[in-house]
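# Understanding the architecture of this molecule
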Amino acid sequence: MKKQPDRDAGSVEPALRQFLPPCQARCPIREDIQRTNVLISLLPDDPAAAQAALIEIGDYLFDQNPLFTVCAYVCGLCELACWYADSGGAIRRRLLKRFVAESYRQRLMERPPFTNVPEKERVAVIGGGPAGLMAAFELSRRGYRPTVFEAGDRLGGALWLIPRYRLPHETLEETLAALVRIAQIEVRCGSSAGTGELTLDRLRVQGFAAIFVATGSPVPRILTYAGAAVPGQQLAGIMYGHSFLYELAHDAIPAGYFRDRRVIVVGGGNVAFDAARSARRLGATTTLICLECATRNCRDAVPADPNEIRGAWEEGVEIVYDRGVSSIRSENGVFRGIIAPRCTRVYDDNCVFDPRFDPEDRLEMAGDILIIAVGQGPERRFLAEEGLLDDNGRLVADPLTLQSARQSDVFVGGDMLKIGFMVEAMRDGKEAAESIDRFVRATDLRSGRTCDTVSPLPPHRHYYRPEPAVAWIPPEQRQDFRLFEEGFTLAEAIAEARRCLACGPCISCKACIAAGIQDDIPGVEIDEGRCSGCGICIPACPFNAASLAIKGERTVSVTDPILCRGCGFCVAACPSAARRLVGERLSQRLDTLLKRLKTSGSSNPQGT
């Protein structure tokens, strides 16, 4: 086992500071959103001419995120941070990425494998979901030989629980197959953790230098009321959300089983709404009840995505808010209904989950099937047997490196550590790969990995273009499992990408250089001898880069090189000619632009 270098536990490493647009800062894997948005906005109008550029954009995205063709259907975290959200509506980044993904489909199936020869140590990855696959991808790219051990019959983990009407299964299949082929990952399906060869000690004996455990959260949480389990959860007619969606994905539900039956779904997350909408598509009369309230901007708001809630409502799912389950009614061992008291609060003042109820205010709800979707947890038996739990029975790992607190060659991540979004599990896989690389090389696992992100304010605008309407198939026509959301056309994608404010610094984007528009990013040079400190440059700068500073006994203007875009507005506004643009061959480009303007003016003297 590799010995880690000694490190002063009391030392605190200063955090790096990185300027990023807010969308990229919100993305757990820091996908370069602004750059690809700008590149999409520069696409030609002709589809044939645009295809080559789309392939380049797709290649760039794949290198950052090998699951981007799946994220394009199910992930929109970046949109929550968009500066445009409260003005014209957040940029539809997910649909823009889906447009690229659909154009990239053939290229993905033909893209060649990594050219590097995997010669480094073998690494075991337990779990073939987003975290495990991302770790294996990154490790392979670094020259390691990862082996993914998956308990199920196919890779993907919880991604298969996403219904087909949100994520086409053929897209998921193609993406997973391409990732494994391109990264040359060895895969062993049907390998359950803790059995056969899949114990930590046996993996070490087989020569694996490190192990990443990302087995997800397959164990459903049960219904509780007043701190105790609600009796009757083993009755016929009761199932759990993940189990239902798993059977649905495997076509294991008998035809007509749900038709004309009354289904009650308990839960307020995306899994609960996926289950409710799926049951509705199978012909059931569906009611969803949740502890949370209908108001979006409060502490007890429903955690499900707003589009999930809207979709369920449009499709005929009845949603009952502010209700829990205190008891389950049965008849001859078969589920027949629930008692639902009013929930008066979900979280306490410290945002700790601690629901309270009014037992006098209750509903009696009759039903034929109950689907419980109130959360999941990891398989604890394996963790306990392998010694990964602490004395209090908790799975403990370093939040930065993901290294187990109990065994130094083991790293843990994904939903088993903290249930979250798909891309958050992918971030864990990426961070685990970095940690494993450092562990194998016996270098410091923590050095240089803390980073504070700062997002500049958006450019000043007097007008914000409204977001485009997202086309959904009408509710009466989507009572099946076809994809219900329509994607962008080329013209729509270009128009939407042009709405992007490109509010991140140029140095973190450089799309203009990638597109061949210019060779470098111009900067602003200030002649302090000529500057009078009048401050006219400050309101002229739309990017908040210009400001005043006191130097000695004088006040002069300064420019933040991180925020500056080299637009030249401050140069044009300066009355003393103290500012000028500088950059490689910039003067040549300006001369060319001036000649074009003169030519245009002479051919159209009226300016019409």
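### Notes on the overall build of the protein chain
- Secondary structure summary: the protein chain contains 18 helices and 23 strands in total.
- A principal-axis box enclosing the C-alpha atoms of the protein chain has dimensions of 90 × 60 × 55 Å.
- Here the protein chain, with 608 residues, has 48% of them falling under the buried criterion.
- Long-range contacts, defined here as pairs at least 24 residues apart, represent 72% of the contacts in the protein chain between residues at least 6 apart.
- Accessible surface, the protein chain: about 28700 Å² in total, of which carbon and sulfur atoms supply 51%.
- Of the side-chain charges in the protein chain, 73 are positive and 77 negative, and the distance between the mean point of each set is 3 Å.

### Some points on the sheet that holds strand 9 (residues 238-240)
- Read across the sheet, 5 strands follow the order 9-16-10-11-12 without closing on themselves; strand pairing throughout is parallel. Each edge of the open sheet carries a strand with a single partner, namely strand 9 and strand 12 (318-320). Sheet twist, expressed as the mean angle between neighbouring strand axes with direction ignored, is 20°.
- Bridging between strand 10 (residues 262-266) and strand 11 (residues 285-289) involves 5 bridges; their strand directions are parallel. Across the sheet, residue V263 finds its bridge partner in strand 11, namely T286.
- Sheet strands in contact with helix 9 (residues 241-249) are strand 9 and strand 16 (369-372), and its direction is about 85° off that of strand 9.

### Focus on the nonpolar core
- In terms of nonpolar packing, the biggest core is built from 86 residues, with I40, L43, F212, M426 and I436 touching the most fellow members.
- With 9 residues, the top contributor of residues to this core is helix 13 (residues 422-440).
- Sequence-distant contacts of I436, defined by excluding residues within four places in its chain, comprise V123, L139, A210, F212 and F411.
- Core analysis: the second largest hydrophobic core is formed by 26 residues, L161, M239, V265 and F273 among them.

### Digging into empty space enclosed by the protein
- Scanning all chains against the criterion turns up 7 cavities of 30 Å³ or more.
- Within this model, the largest cavity holds a volume of roughly 150 Å³.
- Considering the residues around the largest cavity, the lining is formed by 17 residues, among which C23, N37, C82, I91 and C500 are closest to the centre.
- Elements represented by at least two residues in the lining of the largest cavity include exactly helix 1 (22-26) and helix 2 (33-41).
- Tallying contributions element by element places helix 2 first for the lining of the largest cavity, with 3 residues.
- Of the residues belonging to the lining of the largest cavity, the class tally is 13 nonpolar, 2 polar and 2 charged.

### Digging into the packing of helix 6 (residues 130-141) against helix 7 (residues 169-183)
- Here helix 6 crosses helix 7 at 25°, and the two axes come no closer than 9 Å. With respect to their mutual orientation, helix 6 and helix 7 come out roughly parallel. The hand of the helix 6/helix 7 crossing is left-handed. Listed contacts from helix 7 to L133, F137 and S140 of helix 6 are L176, L179 and A183.
- Residues belonging to the contact of helix 6 with helix 7 are distributed by class as follows: 5 nonpolar, 1 polar and no charged.

### Regarding unusual backbone geometry
- The backbone phi angle of R30 is positive, close to 60°, even though this residue is not glycine.
- Following the sequence through the fold, R30 ends up in the loop between helix 1 and helix 2.
- One non-glycine residue, Q184, lies in the positive phi region at around 55°.
- Here Q184 lies in the loop between helix 7 and strand 4 (186-189).
- Classification of Q184 by relative accessible area gives partly exposed; the value is 41%.

### With respect to the packing of aromatic side chains
- One pass over the structure, following the stated rule, counts 12 aromatic pairs.
- Relative to F208, the ring of F149 has its centre 5.9 Å away and its plane inclined at 75°; by these criteria the two rings are edge-to-face. Within this pair, whereas F149 is found in strand 3 (residues 145-150), its partner F208 is found in strand 5 (residues 208-213), the two being separated by 59 residues in sequence. Considered together, F149 and F208 belong to a single accessibility category, that of buried residues.
- Here the aromatic rings of Y347 and F353 are separated by 5.9 Å at their centres, their planes lie at 70°, and the arrangement is edge-to-face.
- Given a relative accessible area of 49%, F353 falls into the partly exposed group.
- Just above the ring of Y60 sits the side chain of R35; from NZ or CZ to the centre is 4.7 Å.
- Seen from the ring of Y165, R281 lies directly overhead, with NZ or CZ sitting 3.8 Å from the centre.

### Digging into the confidence of the model for the protein chain
- Across the protein chain, pLDDT averages 89, with 93% of residues at or above 70.
- With pLDDT under 50 throughout, residues 1-15 is counted as low confidence; its partners more than four residues away or in other chains account for 24 contacts.
- With pLDDT under 50 throughout, residues 603-608 is counted as low confidence; its partners more than four residues away or in other chains account for 0 contacts.

Calculation notes
- Within each chain, residues carry numbers counting from 1 in the order of the written sequence.
- Totals for whole chains, interfaces and linings use all residues, but because this is a predicted model, local features are given only for residues with pLDDT of at least 70 and pairs of side-chain atoms are given and counted only at 80 or more.
- Water and hydrogen atoms were dropped before computing side-chain values, which therefore reflect all heavy atoms in the structure.
- Strands here mean DSSP runs of E at least two residues long; helices mean DSSP runs of H or I at least four residues long; both are numbered from the N terminus.
- The buried label applies to any residue whose accessible area, calculated with a 1.4 Å probe on protein chains only, is under 20% of its type's maximum; exposed applies above 50%, and partly exposed to all values in between.
- The contact criterion used throughout is that any non-hydrogen atoms of two residues lie within 4.5 Å.
- In these tables, accessible area is a Shrake-Rupley quantity obtained with a 1.4 Å probe, and a residue counts as shielded only by the protein chains included in the view.
- Note on charges: Lys and Arg go in the positive column, Asp and Glu in the negative column, and His and the chain ends are not counted at all.
- To locate a charge, take NZ of a lysine, CZ of an arginine, CG of an aspartate or CD of a glutamate.
- Strand pairing is defined by DSSP finding a minimum of two bridges between the two strands.
- Interaxial angle, 0 to 180 degrees, is taken between N-to-C directions of lines fitted to C-alpha atoms, where a helix line uses only the stretch in contact.
- Put simply, a nonpolar core is a bunch of buried Ala, Val, Leu, Ile, Met, Phe, Trp, Tyr and Cys residues held in one set by side-chain atoms that sit within 4.5 Å of each other.
- Of the grid points, spaced at 1 Å and generated over the protein atoms alone, those admitting a 1.4 Å probe that cannot get out make up cavities, while open sets with protein on both sides within 12 Å along at least five of seven lines make up pockets; any residue with an atom within 4 Å of a point is treated as lining.
- Grid points are joined across faces, edges and corners, and a volume is the space filled by probe spheres set on the points.
- Here the nonpolar group is Ala, Val, Leu, Ile, Met, Phe, Trp, Tyr, Cys and Pro; Asp, Glu, Lys and Arg are the charged ones; every other residue, Gly included, is treated as polar.
- With respect to orientation, any angle under 35 degrees is reported as roughly parallel, any angle over 145 as roughly antiparallel, any angle of 65 to 115 as roughly perpendicular, and every other angle as oblique.
- The crossing is said to be left-handed when, going from far helix to near helix, the turn is anticlockwise and less than a right angle, and right-handed when the turn is clockwise.
- Side-chain rings of Phe, Tyr and Trp (the six-membered ring for Trp) are treated as a pair once their centres are within 6.5 Å; stacked means planes under 30 degrees apart, edge-to-face means over 60, and tilted covers the remaining angles.
- A ring is considered to have a charge above it if a Lys NZ or an Arg CZ atom is located within 6 Å of its centre and within 35 degrees of its normal.
- Each residue carries a pLDDT value, the predictor's own confidence for that position, ranging from 0 to 100.

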